[in-house]
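# Observations on the three-dimensional arrangement
Residues per chain, in single letters:
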Amino acid sequence: MRSRAVGVLASGVKYLNGTVLGQVVVGAAVAAANGGNTGNATISAVTTAEGAKPGVYKVEFTAATKFDVIDPDGFKVKSGQTGAAYADDLGFTITAGATPMVAGDGFTITVGAGTKKYKKLDPAAGDGSQDAAAILFGDVDATTADQKAVLTVRESEVADFELVWPVGISAPAKAAAIAALEAKGITVR
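The paragraphs below set out a description of the structure included in this document. (Residues numbered from 1 in each chain as written. Predicted model: local features only at pLDDT ≥ 70, side-chain atom pairs only at ≥ 80, totals over all residues. Heavy atoms only, no water.)

### Quick word on the sheet that holds strand 10 (residues 90-95)
If you trace the three strands from one edge of the open sheet to the other, you get 5-10-9, paired in antiparallel fashion. Each having just a single partner strand, strand 5 (42-48) and strand 9 (85-87) make up the two edges of the open sheet. Strand-to-strand twist of the sheet, defined as the mean angle between neighbouring strand axes without regard to direction, takes the value 15 degrees. Pairing of strand 9 with strand 10, which is carried by three bridges, proceeds in the antiparallel orientation. Across the sheet, the residue bridging to Tyr86 is Phe92, located in strand 10. (Pairing = 2+ DSSP bridges. Helix = DSSP H or I, 4+ residues; strand = E, 2+ residues; numbered from the N terminus. Axes fitted to C-alpha atoms, helices over the stretch in contact; angles between N-to-C directions.)

See below:
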């Protein structure tokens, strides 16, 4: 029993015993132009990816078409340019407007905290559910509402053939999920 804990499963599906779960630790991202910008560039297609942190990111222009992205802790993530998709902790595209941006112009991107709910492992997600975090103990019907459930979350051994993996999971994604489980003390045999 030491390896188990109670968690909340996100609604919308039926979960089978042994389902490998991820936890939603990052919420939606919302972008806004800084007040007082000289330029009128726009930002679109804002998404979160693995590594995104809840908090406020800053997109600071260094020239008319070049910018730096600063994470919520104040560290530079990397640089980008308008007209090209930016991808790292966040994904977005900045389109130049009729009035060019100038050094000091920018945007903020606020990344919300996740719900901490568990859902089926999704290697393509960017909300935290792309990382294996737990294994469901028992079948749970959460089709109409969130449900509390018993989860294996630490020090245990599980049989791979009894786990319910996402349909079509690639070998590298499965290996990454197994490594994430092992980092929590859950050994997959």
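### Thoughts on the side chain of Ser129
Within the fold, Ser129 resides in the loop between strand 12 (118-120) and strand 13 (132-137). Its relative accessible area of 0% is what places Ser129 among the buried residues. Once residues within four sequence positions are removed from consideration, Ser129 is found in contact with Gly22, Gln23, Lys119, Lys120, Leu121 and Asp122. (Buried < 20%, exposed > 50% of the residue type's maximum accessible area, 1.4 Å probe, protein only. Contact = heavy atoms within 4.5 Å.)

### Considering the pattern of salt bridges
On inspection of all chains with the given rule, the structure shows eight salt bridges. Its salt-bridge partner being Lys53, residue Asp73 comes within 2.8 Å of it at the nearest N-O pair. Here Lys53 lies in the loop between strand 5 and strand 6 (55-61) and Asp73 lies in the loop between strand 7 (66-70) and strand 8 (76-81), a separation of 20 residues in the sequence. Residue Lys53 is classed as partly exposed on the basis of its relative accessible area, which comes to 28%. One salt bridge connects Arg189 with Glu157, and the closest N-O pair in it is separated by 3.3 Å. With Arg189 in the segment after strand 17 (186-188) and Glu157 in strand 16 (residues 156-158), the pair connects residues that are 32 residues apart, well separated along the chain. Taken as a pair, Arg189 and Glu157 share a single burial class, namely exposed. Taken together, the shared-partner salt bridges in this structure form one network comprising Lys53, Asp71 and Asp73. (Salt bridge = Lys/Arg side-chain N within 4 Å of Asp/Glu carboxyl O.)

### What about unusual backbone geometry?
The phi dihedral of Ala45 is positive, around 55 degrees, even though this residue is not glycine. On the secondary structure map, Ala45 appears in strand 5. For Ala45, a relative accessible area of 55% puts it in the exposed group. The backbone phi angle of Lys116 is positive, close to 70 degrees, even though this residue is not glycine.

### Side note on the packing of aromatic side chains
Within the structure shown, the criterion is met by five aromatic pairs. Ring geometry for Phe61 against Phe107: centres 6.5 Å apart, planes inclined by 55 degrees, an arrangement best described as tilted. Linking Phe61 in strand 6 with Phe107 in strand 11 (residues 106-113), this pair joins segments that are 46 residues apart in sequence. According to the relative accessible area criterion, Phe61 is buried, its value standing at 3%. (Phe/Tyr/Trp six-rings, centres within 6.5 Å; stacked < 30°, edge-to-face > 60°.)

### Concerning helix 1 (residues 171-183)
Here helix 1 is 13 residues long and its end C-alpha atoms lie 18 Å apart, about the 18 Å a rise of 1.5 Å per residue gives. Ala173, Ala177, Ile178 and Leu181 are the residues of helix 1 that are buried. The arc that holds the buried residues of helix 1, viewed along the axis, is 140 degrees, so those residues lie on one side. Every exposed residue of helix 1 that faces more than 90 degrees away from the buried side is listed here: Ala171, Pro172 and Ala183. Downstream of helix 1 by a residue or two, Gly185 has a phi angle that is positive, lying close to 90 degrees. (Expected span 1.5 Å × (residues − 1). Arc of directions from axis to C-beta.)

### Focus: the sheet that holds strand 8
In space, the five strands of this open sheet follow the order 4-11-6-7-8, with antiparallel pairing throughout. What marks the edges here is a single partner per strand, and that holds for strand 4 (26-33) and strand 8. Across the sheet, the axes of successive neighbouring strands diverge by a mean angle of 20 degrees, strand direction being ignored. The pairing of strand 6 with strand 7 spans four bridges and is classified as antiparallel. Across the sheet, Val59 pairs through a bridge with Val69, a residue of strand 7.

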